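# Commentary on secondary and tertiary structure
Letter by letter, the chains look like this.
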Amino acid sequence: MNKSPEKQALNRRIWALAWPLLLSNITAPLLGLVDTAVVGHLDSPVYLAAVALGANFFMFLYFSFNFLRMGTTGFTAQARGAGDATLVVVLRALLLSTVLGGLLILLQPALREAGLWLLGGSAEVQDLARDYIAIRVLGAPAALGNFALIGFAIGLHRTSVPLKMTVLMHTSNALLDFLLVQVWHFDVRGVATASALAEYLGLAGGLFWLRREIFGDAWRALPAGALRQLAPMLRLLAVNRDIFLRSLALLSVFFFFTAQGARLGDTVLAANAVLITFLLLLSNTLDGFANAAEALVGDATGRHDRRALDAAVRATGRWTLVVALLALAGFALGGAPLIRLLTDLPAVRDTAIHYLPWMLLLPLTASAGFWLDGVFVGATLAPQMRNTMILATVLFFPVWWLTRGWDNHGLWLAMNVWMASRGVLMALVWRRVRR
């Protein structure tokens, strides 16, 4: 039988899922891009360095809870494939996100001081970062709720919803950034306020665009006492625990990376904040196909369709490779102009351009890990995700230790080795699990 029409149909389905997520994920780094660009044109690098510290603090904090997105996607996709109720999945996730967001606000003073102690930086930069963190943490319940809604939408194959949510968040953030920083001169406090308000606007938009699935007829089909059933909640918490530990390992690398950059001086810290934008652009572009893999692999797993599972993995892998090669060309041709767009501070700009060659390696070293994240999430292979990430993270620190005499070059080498080892380990595990 000619499989070409089947492959074409699968590719069309992947693109139907991926293109809204691709656009959504490309716009996601705009929150960091806008923040960086706004403070990058103020009269001192301390503002950019403070936002870099604060943004990395929240990257560590919020993405420690990214299991709310991943776990919700996997369980929703599998429930959809099996023909089970999906509403209860998102209700459990929203309940958990509200509780956790409130706890983050309550624990903010202790978390902030511990984070800034680990990150380092000059006294002036740390004082500004304290203001940033104290304000932006007020958006925590909305930020975590957005993880749950985006995961639910992807699991339902309604990938246009994350696009709408991110466009709403980032356009409102850009407008608020301009008003609060450039017009009303609130410096880092304005950036933090804009980010927190944008999270709540995104949550409101997500609830509106998913109103039929959350507030519609599905309520009548919801099993009695579904939210009080212990076994499904324990399963959700078990998967979330493993993804949480995986996220902690991942973000510990970024946290350490930022802290070591801070110890090399405010200029290097600010330059790395600009360069990390390349990694964010790459990861969020590749995540479009990783998210498509989550939906397709989860659906096939729920239907116990081994053939569809294999086809989804192969097809999303091919598209990931294509996008990685395009990203490599884009970084080579547009890297320096992007750096100049993000900052006009000569020392920061020149330092970032000096380390730009390391960005050209990222599409080659990081792509497999991003793609296989989607495969593992769809199949809810949370323990395997946890273990491979921990092993890769353990490898990162010896590489940095051996190259610490290279200063920032050693940091970026360790980052690339970490990315590559993560992909290799996940590929080996998937091969074993698949057999």
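Up top you'll find the structure we're talking about.
Described in the following lines is the structure provided in the data block. Because the structure is predicted, anything quoted here is derived from the model rather than measured.

Counting secondary structure elements, the protein chain contains 19 helices and zero strands. The 435 residues of the protein chain split such that 58% are buried. Summing over all exposed atoms, the protein chain offers an accessible surface of approximately 17,800 Å²; the carbon and sulfur share of this is 68%. Looking at the protein chain, you have 35 positive and 24 negative side-chain charges, and the mean spots of the two groups are 13 Å apart.

A separate point is empty space enclosed by the protein. Scanning the entire structure with this criterion turns up three cavities of 30 Å³ or more. Here the second largest cavity is characterised by a volume of approximately 60 Å³. Surrounding the second largest cavity, Asn56, Phe257, Thr258, Leu269, Asn272, Ala273 and Ile276 form its lining. Those elements that provide at least two residues to the lining of the second largest cavity are helix 13 (230-263) and helix 14 (266-303). Per element, the largest residue contribution to the lining of the second largest cavity is four residues, and it comes from helix 14. Grouping the amino acids of the lining of the second largest cavity by side-chain chemistry returns four nonpolar, three polar and no charged.

The next subject is the pattern of salt bridges. Across all of its chains, the model carries 15 salt bridges by this definition. Where salt bridges share partners, they join Arg13, Arg80, Asp299, Arg303 and Asp305 into one cluster.

In this structure the tally under the stated criterion is 17 aromatic pairs. Between Phe254 and Trp418 the ring centres are 5.7 Å apart and the planes differ by 80°, which places this aromatic pair in the edge-to-face class. Of the two residues, Phe254 is situated in helix 13 and Trp418 in helix 19 (residues 408-434); the sequence distance between them amounts to 164 residues. Each of the two residues, Phe254 as well as Trp418, counts as buried. Seen from their ring centres, Phe278 and Phe331 are 5.2 Å apart, and the 85° between their planes marks the pair as edge-to-face. Placement of the pair is Phe278 in helix 14 and Phe331 in helix 15 (residues 306-342), with a sequence separation of 53 residues. On the basis of relative accessibility, which here comes to 1%, the residue Phe278 falls in the buried class. One aromatic cluster in this structure is built from Phe256, Phe396, Phe397, Trp400 and Trp401. Its end group placed over the ring of Trp401, Arg404 keeps NZ or CZ at 3.6 Å from the ring centre.

Criteria and cut-off values
- Residues numbered from 1 in each chain as written.
- Predicted model: local features only at pLDDT ≥ 70, side-chain atom pairs only at ≥ 80, totals over all residues.
- Heavy atoms only, no water.
- Helix = DSSP H or I, 4+ residues; strand = E, 2+ residues; numbered from the N terminus.
- Buried < 20%, exposed > 50% of the residue type's maximum accessible area, 1.4 Å probe, protein only.
- Areas by Shrake-Rupley, 256 points an atom, 1.4 Å probe, with all protein chains shown as cover.
- Lys, Arg positive; Asp, Glu negative; His and termini not counted.
- Charge placed at Lys NZ, Arg CZ, Asp CG, Glu CD.
- 1 Å grid on protein atoms, 1.4 Å probe; cavity = no way out; pocket = protein on both sides within 12 Å on 5 of 7 lines; lining within 4 Å.
- Points joined across faces, edges and corners; volume = space filled by probe spheres on them.
- Nonpolar A, V, L, I, M, F, W, Y, C, P; charged D, E, K, R; others polar.
- Salt bridge = Lys/Arg side-chain N within 4 Å of Asp/Glu carboxyl O.
- Phe/Tyr/Trp six-rings, centres within 6.5 Å; stacked < 30°, edge-to-face > 60°.
- Lys NZ or Arg CZ within 6 Å of the ring centre and 35° of its normal.

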